[in-house]
Each structure stands twice: as structure tokens, then as C-alpha cells.
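Letter by letter, the chains look like this.
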Amino acid sequence: RSRRCSRAVLAVQERLMLSASALSFAVPSLRTSAAYAGSPSSVRFVSRTYTPFDPNEKAAYGMGAAEKFSYDPEHAYAYVATERGYISVIDYSAPVASVTSLGVSLGKGLTARDLRLCGESLYVVVGTIGKRTEPGALLAFSRVTRAAPASLAQVWEVGVGPGPDSLLPSPDCKTVAVSNQGKGQCTGGVVCQLIDPEGSVSLVDVATRSSKTVSLGYVAGSSDSALQAEGVHIPLPLNAMVYFDDFSNKKMDTVNFAEARRKYTPATMLEPEALAWAPDGSKLFAALQINSAILTVDVATATAERLTPLGLQDWGASGGTQGLDTVRDNACQLKHVPEFSTLRSPSAIEAFEIDGETYLMTASGGSDLEYGEVETAKKFKKLLVDVPGGRPEFHPNFQELTAPGGGADFSKITTAVRNFGGTSMRLSIGSTAVDYSNPKEPVWKRAVGSGSRSVSIYRASDLSLVWDSGSLLEQEGCKAFPWAHNGEQDDDYALMYGVAYSHASAGGKKDIAEKNTLSPPALDGDACHDRGDGKPGPCPLGKTVDERSWKDGPGIQQGLAVGVACGRMVAVAVTRANSLAFGFDVTDPTQPAFLFVHHLSPASKDKSPGVAFKEQTLGDIGVESVSILDKHQSPSGAAAVMFAGAHSGSLSLYELLLTNGSRCALPAPPPPTSPPTETPPPPPAPPPPSPPPPPSPPPPPSPP
């Protein structure tokens, strides 16, 4: 009886989520007493649509035609944001989705950073192409309805802070939060000038169409020392700018930091990105990837309440992992690396609720900053060099750096050279790795990489870590798809003289040319002899194994979603570089179960993306947007996952499957002791045929 009640509770929860799906942005919630017994164990491809990158062009690889998307289950329309400032509208009312003519251009020079549907409005946050330091705007559009479909029409606009990155409506759709990354940009000629505004968060009141700015000054403080003491990573502290400006023999006179130093506050180095709301809308959480921290905002007072550092992932034998792959040998070799750590850099964040307790799930991908000739992460061989028969030395590019202990303790440096000597392994030169207290002679403290190559779960109340996937993404990804291990496909892998090349900047054309060129003298070529059609050109994914082992491994970034499906709390995380989708059951957040790994573009094993795109066999490349749909929301009537491939310009639908191969579909819930299934119970057997009626009595004899 209690199991039947629990299942009834879940059914009510699902119906309420359906009725509110287009009217609110509720945080996914589940009572474990109502959870089904089984979990999905795989996904099955249903459909894929290639989206146009602007209203006048067809779809093309490498044009950022599907950066973000939002799906409306009530009217079966998907909205897709392109890098070039166009919103596509995809019709999912038919078995095969189609691109409609209902899209809208946002205006010349504008790009869509993010979009979400909530209530009757589609919200889009926009910025200026190529100018991340300028203020952006939040636009509201009336959504497309099935009864009277019409092109998207803008209703209002509110200004937000510099360099907007993400948006997220509150659970009741009354407030729209926008993260203003405020990412610095170096502009000018040979010696560029750094302009770096403060990061912030905008809280836009939908009813009054007014905005409040959440300053990060309170949590940042007035000097770098307090943030560093708490463990918050600062990619380029003020004294680092002094070092590069005044004392670096190599970088002096390459970047002008004078204006950035004059206006510097620690908040200029804090960059909020992905967002998550508490279920009651009282708190907002922002992931600061570059700072390895999570910001907590008190919404009622519009104040930054707390900045919580996430610390480091230790990759030594005592770090609780199976190691990582840092060797480019075209093989999967995960090893422990002594005295090496990586920042837990949250590139995505999702809130969910289990039994009334709120949790935050993050994906940790590497990230660093580049200001002209100054980068906040460097190749190891450009930082430290081994001296045969002698003590390691700092590369001439960083000859001013010293060892710890007044320059006498070379133990960590010697270990680092033993680990990475002569390689292009990328290491941070930010505050966690280098002490710039004396900018004339900075002290190299430790070997630190960016991104823990994992997904993590934190308790929202105190942001304590309750689970981390450790080495699982590299382990399981390589076990299932060794040809994609730490490989990469991005927009540089577009075909020479194709659409992406013709629209690229001078620097972009050079990058594409390198991937299409076999050898010098013109360029250092990275091409393969067979791009998948017998011609030389960009390498297929299967020919790039270990390409990112010296960077961020599987390259997990923004592709993360958590939601209720198949009667369980399910999470899906996607690696951006090599297109692997990982499924987890997080119904027990302290002990999630790994469910599956699926490759979203099998054709990429042997074909470069441009070739596969022409053949219409290319899957989802560069996924930055994922959504989990329960059976009430899915256009197929079964629990599903949608993926948007930014580079491939694709929007794809996959259904979740149970271990027996069945879907989690309408209409019948599963029996209490078995996992959900789409097959309704068999109809009752027909009743047995009625016995024949007794024979009629003979008629009476006729009278004489």
C-alpha cells in the first residue's frame, strides 16, 4: 500500500511539473520514497536537426549555430541561440523535427550568450560580438504558440552588466538572473592595453522591468591577500601585472597593464558564469570557473553573501583517484602524478532537491585567460627546463621566478620536471601556483593544472563536497570509446575555404589553415593525410587521441543537466572536446551510480567534421547545452535527453532506455517491483463464451 502511495505521489509530482514546465523554472525535486526501483541504462538516438546560423544562410559546421537551446513542452517548440545573433525556432510537433520560419535576428553586431523560456516569455541575454567588456542586455520575447504561431516578437529590454555570460529565471519566473562575467580584454596594436571590468550579477524584476546589480566587492575585499588566504584562485593578481609590466624581461612591453592596475580591485578577477537557483528562490548560486569557487547570493537583499573556494584535486597516490592521463602516446594510461593538483573549476552548475535537501552538481573543466602575449597558463617546457647533470632552471621567459625557501628548495621543481619535463602540459601561473608578493622575484610554489576532469556534488547549505567522480570520465570513456580518448574536434577543424573559413577572422583563418595543412613551409601543419574522404585535411576525431591529455583531458565544460526521468533523479554530463555523454543516477547524491557513456558522433571516428557534415552523418560536436525531459515533457512521449552541438549546429533528441531496452513512456507506470516500462499491462482476457440456450419445448399438439 505504501509503495502504491509513493508511486501516486510521484505521478502527481510529474503532472505538476508538466503543468508548470512552461509556466515556471522549478528546480527538479524527488522524494526517495516515491522513486522507482530501476534506472535508465542507455540512450537511443531519435532525431537530429541542423540549425541555420542566420536567417539568410543554411546550416554549416563551425558557425556556432546551436550554442544554447530551450524547449517548450506545452507547444513543442525548441528555441536555439546562434553565435551570430539569430534565434531559430524548431518544430517538434511531428515525428521529424523541422526548422520553422519563425526565428528572429537580434540585431547587427549582437550575439546571444544564453536563452531560457519561463512563463509566457523567452528570455535572451545578448552581448556585442568581440567586445566582452561592454554592457549587455536582457531581451524578453513572447513565446510562439501552437494555436497561432507567429514569429518571435520582442516585448522589452533591460540593460545588464559587462560581458554577460548566462541567464536563469527564478523558479516562479518573477526574477531573471544574469551573470556578468566581466572578462578582461586586451585591445590595441602591438602593445595591447588590458581593460578588465568587475564581475557581477544582475537580478531583473520581470514585473517592473528593472535591474539590481549584485556587486562582488563585499566578498572580494580590498586586496588580493584575503582572497588568496581563503583559497580563492586569482588568475592574474595585481602584483602579477606589476611583474609583467615592470620586471619580466620577456613580457615587458608586450601588454600595457597600466590602466588595469590603476582601476584594479580583486572583483575584477572574479568572473561569475553558470547559475543555479535554490528551490524557494531565496538564494542564487554562481559558478566561478576561473576562480575555482562558488558564489552565494542573497536574493532578497541583492547582496553577495559568500564566496566558497572549492580547493584542489590531488592526483597523487593518496588523492582518492585512479590517476589521470598526461602522456601523449595514443593510448589510455591513467597514472598517479605525485605533487600535482588541479583546480576544481566549475564550468557548469545545476541544482536539484532530494527529500527536501538541496544539492549542487558541477562539471569541472579547465580554463585560463589570455591577454595578448600574457597567458595565465603556460606549457611546461616554456616554464621549466631540465638541465642534464644539473639542477632544473626556469625558462628564459620566466627567468625572474625563484624556488621556494629563498630559492633553495628545488624538491617540488625537480618532481615537476620528472613528471612533465619537455612536454606541453599546461600549468597555471596564477595565485595558487605562484606567489607574487615580491613582484620582482615571484616564487613558484607548486605544479597546478586547471580543471579536475570530473563532475562533483555539493550540499547547498554549506557547499561541502559529498561526491566526486574522480577518474571515472577518463576511465569509462576510454573503455567504451578508446578512439575518442582525450581527443578533440572544434571549429578549427572546419574545411579550408568552407563557410566557417569564409566568415572567420584573420586569426581564425590561420587556425583553420593549420588544421588543413600537412607540413611547412607556409605553416606548421596539423592535418591528416585522410580527412575521411581520401583527401588530406583536418583530422577525424579518431586520429586525435591524447590531443588534450596535456590540457584538460576529456574537456568537460558547460554540458550538464539534472532532472527527474524514469522515476529517478538523473544527471547527464557531456565532454565538449570529444562528444561523450555520461549518465548518472543521483537519487542518492552521496553515492551516485554510473549508468552509461554514449558517443554523440560515431561518424567522427573516421571522418573529419566538415566531411561528415556534408554527408549529414555528423553528430553533436561542442555540446554546451543539455536538457533532460521526463515522459510528460518529451516530444516523443518518453523520457529523453536533448543535446545542442555548438560546432555542429545540431539539436538532437535521444530517448532514455531501461536495462530491458524499453522506454520510460506514457501511459502506464511500472509495477512496484520492476523498472518503468512503456508497455501497458495486457488487456484482460475475454470472458468464456456463454453456453448455448436450452432447446425450446415442442409445440403442443393441434386440437382434433
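Calculation notes
Residues numbered from 1 in each chain as written. Predicted model: local features only at pLDDT ≥ 70, side-chain atom pairs only at ≥ 80, totals over all residues. Heavy atoms only, no water. Buried < 20%, exposed > 50% of the residue type's maximum accessible area, 1.4 Å probe, protein only. Helix = DSSP H or I, 4+ residues; strand = E, 2+ residues; numbered from the N terminus. Disulfide = S-S within 2.5 Å. Contact = heavy atoms within 4.5 Å. Pairing = 2+ DSSP bridges. Phe/Tyr/Trp six-rings, centres within 6.5 Å; stacked < 30°, edge-to-face > 60°. Core = buried A, V, L, I, M, F, W, Y, C linked by side-chain atoms within 4.5 Å. Salt bridge = Lys/Arg side-chain N within 4 Å of Asp/Glu carboxyl O. 1 Å grid on protein atoms, 1.4 Å probe; cavity = no way out; pocket = protein on both sides within 12 Å on 5 of 7 lines; lining within 4 Å. Points joined across faces, edges and corners; volume = space filled by probe spheres on them. Nonpolar A, V, L, I, M, F, W, Y, C, P; charged D, E, K, R; others polar. Patch = residues over 30% accessible without salt bridge, like charges linked within 9 Å, V, L, I, M, F, W, Y side chains within 5 Å. Areas by Shrake-Rupley, 256 points an atom, 1.4 Å probe, with all protein chains shown as cover. Lys, Arg positive; Asp, Glu negative; His and termini not counted. Charge placed at Lys NZ, Arg CZ, Asp CG, Glu CD.

Phi is positive for N330, close to 60°, though the residue is something other than glycine. Given a relative accessible area of 60%, N330 falls into the exposed group. Of note in the backbone geometry, S579 takes a positive phi value of approximately 60° without being a glycine. The residue S579 is located in the loop between strand 39 (568-575) and strand 40 (580-585) in this model. For S579, a relative accessible area of 2% translates into the label buried.

It is worth spelling out the state of the cysteines at this point. Inspection of the entire model under this criterion finds 5 disulfides. Between the sulfur atoms of C186 and its disulfide partner C192 the distance amounts to 1.8 Å. The disulfide joining C186 to C192 has a torsion of about 85° about its S-S bond and is therefore right-handed. Between C332 and C478 runs a disulfide, and the two sulfur atoms are separated by 1.4 Å.

This paragraph deals with the side chain of T432. Looking at the element boundaries, T432 is found in the loop between strand 32 (426-428) and strand 33 (434-435). Not counting residues within four places of it along the chain, the set of residues in contact with T432 comprises H233, L312, L343, K445, R446 and V448.

So, on to the sheet that holds strand 14 (residues 185-188). Across the sheet, 3 strands lie side by side as 14-15-18; this open sheet has mixed pairing. At either margin of the open sheet sits one strand with a lone partner, and together these are strand 14 and strand 18 (255-256).

Let us now look at the packing of aromatic side chains. Enumeration according to the criterion identifies 15 aromatic pairs in this entry. Centroid distance Y50 to F613: 5.0 Å. Interplanar angle 65°. Geometry classified as edge-to-face. Of the two residues, Y50 sits in strand 2 (residues 42-50) while F613 sits in helix 11 (residues 609-614), which places them 563 residues apart along the sequence. Comparing Y50 with F613 shows no difference in burial state: the two are buried.

Take C664: it is sitting in the segment after strand 44 (650-657). Considered as a pair, C664 and V89 are 575 residues apart in the sequence and their alpha carbons are 27 Å apart.

All right, on to the nonpolar core then. Counting 69 residues, the largest nonpolar core has L236, F257, L284, L295, L307, F340 and W444 as its most contacted members. Among residues more than four places away in sequence, those in contact with L236 are M241, F244, F257, Y264, M269, Y371, V374 and T376. Among the nonpolar cores identified, the runner-up in size contains 30 residues, and A35, A348, W467 and W483 belong to it.

Let's shift gears to the pattern of salt bridges. Between side chains of opposite charge, a pair can form as their charged atoms come close. Using the criterion set out here, one finds 30 salt bridges in the structure. D72 is the salt-bridge partner of R143, the closest N and O atoms lying 2.9 Å from each other. Note that R143 is positioned in the loop between strand 10 (135-142) and strand 11 (153-162) and D72 in strand 3 (residues 68-72), a separation of 71 residues in sequence. The class of D72 is buried, set by a relative accessible area of 0%. Each of E488, K515, D526, R548 and D552 takes part in one network of salt bridges that share partners.

Throughout the structure, instances matching the rule amount to 5 cavities of 30 Å³ or more. Of the volumes computed, that of the largest cavity is approximately 1,000 Å³. Every residue lining the largest cavity is counted, 45 residues in all, and those nearest its centre are F25, R116, L168, E350 and S627. Contributions of two or more residues to the lining of the largest cavity are made by helix 1 (2-21), strand 3, strand 8 (110-118), strand 12 (164-169), strand 19 (275-277), strand 25 (346-354), strand 38 (556-565) and strand 42 (623-629). Within the lining of the largest cavity, the residues separate by chemical class into 28 nonpolar, 10 polar and 7 charged.

Attention now moves to a positive patch on the surface. A surface patch of positive charge is lined by K250, K379, K381, K382 and K551. Structurally, the position occupied by K551 is in the loop between helix 10 (506-516) and strand 38. The exposure class assigned to K551 is partly exposed, which follows from its relative accessible area of 34%.

For the rest of this paragraph, the subject is the pairing of strand 20 (residues 283-288). Most of strand 20 sits inside the fold, with 5 of its 6 residues counted as buried. Connecting the antiparallel pair strand 19 and strand 20 is a turn made up of 5 residues, with G281 showing a positive phi of about 75°. Alignment of strand 20 against strand 21 (residues 293-298), held across 6 bridges, turns out to be antiparallel. Considered in strand 21, the bridge of F285 is made with T296.

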